[in-house]
Amino acid sequence: MRPDLLELLVCPKCHAALTQDPQGLQCTGCAAPYEVKQDIPVLIPDDVNTEHFDEEQNLAQMMKSREQLPEEQFNLNQWSLSKREFWAMVRSIATEPPKRFVNIGCGFDPSCTEFERLGHTFVNLDLVFDMLANLRRDCGATSCVNGDVNSIPLKTGAFDYVVSIDLIHHECERLPELLGSFRDLLKPKGTLFLEDPNAWGLFQMTKSIFMPRFAYRSLRSAYHTFKRSTHRPADYEFPTNVWRVMAILRELGFENIKCYPHTAYPTVSERSYRIYRSLSGSEFIRKYHNYHYMLSAVRA
Ligand SMILES: [Zn+2]
């Protein structure tokens, strides 16, 4: 394991530093031992939420086995365009290397390699070990950490940039705590880049605002069963509200909170997309009523 990665790791239980020995890693505070598998430190706490843990493994498996059906091509293109727009925002703000990035809940996102090539340190954190092992094997990502967002095993105040894509709606019951922990990872004046499905998306808004959660959940589950969907959301996932997230960021002391326009609109049919396009001459719609919202915010 890279020595500069070891320096950034802490015990997920007591947040003390870790030392490396031939058996793996050991906490200098509570003496808990941790495994290192395929050069990836496994820093999952004992009290990890097992419902989320099992479900996230299932979701990862589903994503991997996702068939490239011709009728899904439009949607897949929209997803990749959305990713490209997100990383273009990051590139437009990130300054000269060497800087430290962390992508929390990275999944299989090979964008890390571009930043590593430029000379940045780029840590990939995910709950699903296999995602990281693939990222390492297929893309050569050098700094992967297997950990849980509810007890992030990384040093606070150590990162210039924190990235989180499509993650926070998996923990929508505890947004202030989660976003607070992202802030704590940042150095002063460090930037958070956030993307999440928007409860105020043009085609999500009515359901999100007017439908009780249990009804939303049942309807969604029935839809995905009927469609035999390969990307079925977990029951605890709900889109987050861009306005509420910006308000929480302000309360947490973030400054310069900016929302960016999106052209891509995944998860809808080509016909619905044409409706979106006809309305998206308005930048307001592309920023606040897209399927995703895309934000940057600076730690004070
Ligand atoms: Zn410890």
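Above this text is the structure in question.
For every chain, the first residue of the written sequence is number 1, and numbering continues from 1 along that sequence. Under the rules for a predicted model, residues below a pLDDT of 70 receive no local features and side-chain atom pairs below 80 are neither given nor counted, while totals for whole chains, interfaces and linings still include all residues. Values reported for side chains reflect all heavy atoms of the structure, with hydrogen atoms and water molecules removed beforehand.

(A) Looking closely at the sheet that holds strand 10 (residues 254-259). Taken in spatial order, the 11 strands make up an open sheet running 1-2-3-4-7-6-5-8-9-11-10, and their pairing is mixed. In this open sheet, the two strands that pair with only one neighbour each are strand 1 (18-21) and strand 10. Direction aside, neighbouring strands of the sheet carry axes that sit 20° apart on average. Note: strand 6 (residues 121-126) against strand 7 (residues 143-147), 4 bridges, orientation parallel. The partner of asparagine 124 across the bridge, within strand 7, is cysteine 144. Against the sheet, helix 4 (residues 111-118) touches strand 5 (100-104), strand 6 and strand 7, its axis set at about 155° to strand 6. The pairing criterion for strands is at least two bridges between them, as found by DSSP. Secondary structure elements follow DSSP: runs of H or I of four or more residues count as helices, runs of E of two or more count as strands, with numbering from the N terminus. The angle between two axes is taken between their N-to-C directions and runs from 0 to 180 degrees, where each axis is a line fitted to C-alpha atoms and a helix contributes only its stretch in contact. We call two residues in contact when some of their heavy atoms are within 4.5 Å.

(B) Structural detail: the coordination of the zinc ion. Atoms of type N, O and S within 2.8 Å of a metal are treated as its donors, and for Na, K and Ca the window is 3.2 Å; water is not considered, so some sites may appear to be missing partners. Coordination of the zinc ion by the protein is provided by Cys11 (SG), Cys14 (SG), Cys27 (SG) and Cys30 (SG), with metal-donor distances spanning 2.2 to 2.4 Å. With 4 donor atoms in place around the zinc ion and angles of 94 to 120° between them, the coordination shape is tetrahedral. Along the chain, the residues that donate to the zinc ion are spaced as C-x2-C-x12-C-x2-C. Residue cysteine 14 is located in the loop between helix 1 (3-6) and strand 1, and its partner cysteine 27 is located in strand 2 (residues 24-27); the two are separated by 13 residues in the primary sequence. Only protein chains enter the accessibility calculation, which uses a 1.4 Å probe. A residue is then buried if its area is under 20% of the maximum for its type, exposed if over 50%, and partly exposed in between. Look at cysteine 27 and you get buried, because its relative accessible area is 5%. Irregular is the default label, applied whenever a site is not tetrahedral (four donors, all angles between 85 and 135 degrees) and neither square planar nor octahedral (four or six donors, opposite donors over 155 degrees apart, all other angles between 65 and 115).

(C) Looking closely at helix 10 (residues 270-279). Within helix 10, the full set of buried residues consists of Ser272, Tyr273 and Tyr276. Mapping the buried residues of helix 10 onto a view down its axis gives an arc of 100°, with all of them on the same face. Residues Arg271, Arg274 and Ser278 are exposed on helix 10 and point more than 90 degrees away from its buried face. Lining the buried residues of helix 10 we find helix 3 (73-93) and helix 11 (283-288). By arc we mean the arc of the directions from the helix axis to the C-beta atoms, nothing more.

(D) Quick peek at the pairing of strand 8 (residues 159-165). Most of strand 8 sits out of view: 7 of its 7 residues are buried. With 3 bridges connecting them, strand 5 and strand 8 associate as parallel partners. By the bridge assignment, phenylalanine 101 is partnered in strand 8 with tyrosine 161. Relative to strand 9 (residues 186-197), strand 8 runs parallel, the two sharing 6 bridges.

(E) Inspection of the environment of proline 98 at higher detail. One can find proline 98 in the loop between helix 3 and strand 5. Proline 98 gets classed as exposed once you look at its relative accessible area, which sits at 65%. Each C-alpha atom, one on proline 98 and one on histidine 120, is 4.5 Å from the other, the two residues being 22 residues apart in sequence. When near neighbours in sequence (up to four residues on either side) are disregarded, proline 98 contacts Gly119 and His120.

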